[in-house]
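Working through the structure, step by step
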Amino acid sequence: MIKKIGANSSYFGNITEAIQTSIHGLKLSIIHLKNALSKRRIGNDSFKKDGYFDPESSMVTLKYPEETLPVPDNGRYKLDLEIDDCIVCDKCAKVCPVDCIEIDPILSQDVIGETSDGTAKRIYAAKFDIDMAKCCFCGLCTYVCPTECLTMTKSYDFSELDMRELTYSFAEMSEEEVTAKKVLFEEAQEKKKAEKLKKDAEQSSKPSTSARPKFSPKVIKKK
Ligand code: SF4
Ligand code: SF4
């Protein structure tokens, strides 16, 4: 029969009760330790099995980070970008409610490649930064992405000591490449401007065809 705690009011009764409760607590700890050791031996994903979190006989904690709970497929966690599939359309940056996506596009005069779904690429990404410290995980950027290259991963533990480390840079161009492509873009812009000026000058030197012909009515005199 288990006596109620505090039922012994005598000096020796209190000592006996203290020893009994200590032994009881120790027994429980040993049972949980035994269960824990045997559960751990099953494997890293043993928490997926039924009864793993049974409070009476099983584990109540995970051996994090070796063990992690499964996260739902539609969970919103760390963003990732497949830059090769990005067409630098800027839609993600425009839709972002907290402006945490920064893109520096450089337009090319020719097609520069193709994404895995066959979309032609015409814009270089000199910069593609996502500041995950600002991100509110709304997921809007992933919905608007036409090539589905911007996705939410299942990674939720990406804390950093330095907040600046939470800005992820996905652009892969070197400084020299960026400078060279920018020069090409400027040159193309200048060329277009010159061609337009030339065309306008040619138009203005031609006689105007839109001028209305002068109408002078013929007056027929009566004989
Ligand atoms: S998930 Fe929302 S807040 Fe985060 S980058 Fe995308 S649009 Fe911006
Ligand atoms: S919406 Fe997608 S394709 Fe467009 S710039 Fe963003 S990541 Fe790239």
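Residues numbered from 1 in each chain as written. Chains lettered and ligands numbered in written order. Predicted model: local features only at pLDDT ≥ 70, side-chain atom pairs only at ≥ 80, totals over all residues. Heavy atoms only, no water.

This structure, assessed with the given rule, holds 6 salt bridges. One salt bridge connects D73 with K154, and the closest N-O pair in it is separated by 2.8 Å. Of the two residues, D73 sits in the loop between α1 (11-42) and β1 (79-81) while K154 sits in the loop between β6 (150-152) and β7 (167-169), which places them 81 residues apart along the sequence. Judged by relative accessible area, D73 falls into the exposed class, the value being 71%. In this structure, D90 and K94 form a salt bridge, with 3.4 Å as the shortest nitrogen-oxygen distance. We classify D90 as partly exposed; its relative accessible area is 23%. (Salt bridge = Lys/Arg side-chain N within 4 Å of Asp/Glu carboxyl O. Helix = DSSP H or I, 4+ residues; strand = E, 2+ residues; numbered from the N terminus. Buried < 20%, exposed > 50% of the residue type's maximum accessible area, 1.4 Å probe, protein only.)

The local shell around ligand 2 holds 15 residues, among which C86, C89, D90, C92 and C145 are the closest. More than half of the atoms of ligand 2 fall within 2 Å of the grid points belonging to the second largest cavity. Residues that form the shell around ligand 2 fall into these classes: 12 nonpolar, 1 polar and 2 charged. (Near = heavy atom within 4 Å. 1 Å grid on protein atoms, 1.4 Å probe; cavity = no way out; pocket = protein on both sides within 12 Å on 5 of 7 lines; lining within 4 Å. Sits in = over half its atoms within 2 Å of the grid points. Nonpolar A, V, L, I, M, F, W, Y, C, P; charged D, E, K, R; others polar.)

This brings us to the environment of R76. Within the secondary structure layout, R76 lies in the loop between α1 and β1. Ignoring anything within four residues of it in the chain, the contact list for R76 reads F137, C138, G139, Y143 and M152. A polar atom in the side chain of R76 sits 3.4 Å from the backbone oxygen of F137. In this structure the side chain of R76 is engaged in a polar contact, spanning 3.4 Å, whose partner is the backbone oxygen of C138. (Contact = heavy atoms within 4.5 Å. Polar contact = N/O pair within 3.5 Å; in protein donor to acceptor, adjacent residues only side chain to side chain.)

So, on to the confidence of the model for the protein chain. Residues shown with low pLDDT carry predicted positions that ought not to be read at fine detail. Per-residue confidence for the protein chain gives a mean pLDDT of 86; residues scoring 70 or more make up 82%. Between the elements of the protein chain, mean pLDDT differs from a low of 84, seen in α1, to a high of 98, seen in helix α2 (residues 91-95). (pLDDT = per-residue confidence, 0-100.)

Right, let's get into the nonpolar core. The biggest cluster of nonpolar side chains holds 25 residues, and the ones touching the most others in it are L79, L81, I101, F128, I130 and L150. Contributing elements (two or more residues each) for this core: β1, α2, β2 (101-107), β5 (123-131) and β6. Considering every element that reaches this core, the biggest residue donor is β5, with 3 residues. Ignoring anything within four residues of it in the chain, the contact list for F128 reads L81, I83, C86, C92, I101, E102, I103, Y168, S169, F170 and A171. (Core = buried A, V, L, I, M, F, W, Y, C linked by side-chain atoms within 4.5 Å.)

Further remarks concern the sheet that holds β7. On the basis of which strands lie adjacent, the open sheet formed by 3 strands has the order β2-β5-β7 and antiparallel pairing. Every interior strand has two partners, whereas the edge strands, β2 and β7, have only one. Strand-to-strand twist of the sheet, defined as the mean angle between neighbouring strand axes without regard to direction, takes the value 15°. When β2 meets β5, the two strands line up antiparallel, connected through 7 bridges. The residue bridging I103 from the neighbouring strand is F128, located in β5. (Pairing = 2+ DSSP bridges. Axes fitted to C-alpha atoms, helices over the stretch in contact; angles between N-to-C directions.)

This brings us to empty space enclosed by the protein. All told, the structure shown has 2 cavities of 30 Å³ or more when counted by the stated rule. Taken as a whole, the largest cavity spans an internal volume of roughly 90 Å³. Lining the largest cavity are 15 residues, and of these C96, C100, C135, C138 and C141 lie nearest its centre. Partitioning the lining of the largest cavity into residue classes produces 14 nonpolar, 1 polar and no charged. Approximately 70 Å³ is the volume attributed to the second largest cavity. Around the second largest cavity, the lining residues are L81, C86, I87, V88, C89, D90, C92, F128, C145, T147, C149 and L150. Classifying every residue of the lining of the second largest cavity gives 10 nonpolar, 1 polar and 1 charged. (Points joined across faces, edges and corners; volume = space filled by probe spheres on them.)

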